[in-house]
Amino acid sequence: MKFSAQEEYGLRCLMAIGRSASESTTIAEIARDEGLTEPYVAKLVSALRKEGFLRSIRGQSGGYALERDASQIVIADVLNALGGRLYEPGFCDRHSGLEDACTHTDDCALRPLWRRVQFAVDRVLHGITLADLLAGELDKTEPIRLASGGTT
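In this text, all values refer to a predicted model and were calculated from it rather than measured experimentally. (Residues numbered from 1 in each chain as written. Predicted model: local features only at pLDDT ≥ 70, side-chain atom pairs only at ≥ 80, totals over all residues. Heavy atoms only, no water.)

1. Details of the confidence of the model for the protein
Short version of the rule: The predictor rates its confidence in each residue with pLDDT, a number between 0 and 100. Put simply, DSSP H or I for four residues or longer makes a helix, DSSP E for two residues or longer makes a strand, and each gets a number counted from the N terminus.
Put simply, the protein has an average pLDDT of 83, and 74% of its residues get 70 or more. Least confident of the elements in the protein is helix α5 (residues 91-94), whose mean pLDDT is 60; most confident is helix α3 (residues 38-50), at 96.

And the structure:
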């Protein structure tokens, strides 16, 4: 399972803005600090603004700031805005092979797996806020226990 570059860099941009000591952060500052191009940062920031995570500030000292407190920004919502969910309704329609509909519509053994994976991901991501990431809180939590006995 992979998360997209857009999700990774979008979160990094949001964190850069959340960490900023000044009232706003410019696209140029984010691009420089994160090692990204300004057009790419502009695209990500625009998407985050449209989804209500950021607000733009006009003027000479303008830029972007968080629209609401970091403790109110849930990471699941951010990732959904940047790239969507891993498993969504219509997933099977998009993966039907050469047919119009999946040949396993009535007896699919994979659909429950993808739903379960999505449920587990949602459970984790809905419990994490931008404030948690900014404070480094995830380092202090117990690792997730895997069925094989290992941890992540």
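Structure shown, so let's carry the discussion forward.
2. Looking at the pattern of salt bridges
Side chains that carry opposite charge are capable of pairing whenever their charged atoms lie near each other. The criterion, for reference: Basic side-chain nitrogens of Lys or Arg form a salt bridge, by our definition, when they fall within 4 Å of a carboxyl oxygen of Asp or Glu. For every residue, the accessible area obtained with a 1.4 Å probe (protein chains only) is divided by the maximum for its type, and the residue is called buried under 20%, exposed over 50%, and partly exposed between those limits.
Overall, the coordinates contain 3 salt bridges when judged by the stated rule. Across the salt bridge formed by Asp-33 and Arg-32, the nearest N and O atoms sit 3.2 Å from each other. You can call Asp-33 exposed: its relative accessible area is 52%. Taking relative accessible area as the criterion, Arg-32 reaches 59% and is therefore assigned exposed.

3. What to know about helix α6 (residues 111-125)
Quick note on the threshold: A helix is expected to reach a length of 1.5 Å times the quantity of its residues less one. This arc is taken over the directions from the axis of the helix to the C-beta atoms.
In this model, α6 (15 residues) spans 21 Å end to end at C-alpha, consistent with the 21 Å of a helix rising 1.5 Å per residue. Burial in α6 covers these residues: Arg-111, Gln-118, Val-121, Asp-122 and Leu-125. Here the buried residues of α6 occupy an arc of 100 degrees about the axis, which is enough to place them on one side. Turned more than 90 degrees away from the buried face of α6 sit Arg-116, Phe-119 and Arg-123, all of them exposed.

4. A look at the side chain of Glu-34
Locating Glu-34 in the fold gives a position in helix α2 (residues 27-34). Accessibility expressed as a relative area gives 13% for Glu-34, which makes it buried.

5. A few points about the nonpolar core
Put simply, the test is: Nonpolar cores are built from buried Ala, Val, Leu, Ile, Met, Phe, Trp, Tyr and Cys residues. Side-chain atoms within 4.5 Å join them into one set. Working rule for contacts: check all heavy atoms of both residues, and any pair within 4.5 Å makes them a contact.
By size, the foremost hydrophobic cluster in this structure holds 29 residues, and its most contacted members are Leu-14, Leu-66 and Val-78. Among the elements of the structure, α1 (5-19), α2, α3, β2 (63-66), α4 (75-83) and α6 are those that each provide at least two residues to this core. Top contributing element to this core by residue count: α1, with 6 residues. Setting aside residues up to four positions removed in sequence, Val-78 forms contacts with Leu-11, Leu-14, Leu-48, Phe-53 and Ile-73.

6. Description of the pairing of strand β1 (residues 54-57)
Threshold: Two strands qualify as a pair provided DSSP detects at least 2 bridges between them.
Bridge analysis of β1 against β2 gives 4 bridges, and the strand direction is antiparallel. Within the sheet, the bridge partner assigned to Leu-54 lies in β2 and is Leu-66. Between β1 and β2, which pair antiparallel one after the other, the connecting turn spans 5 residues, and Gly-59 there sits at a positive phi close to 110 degrees.

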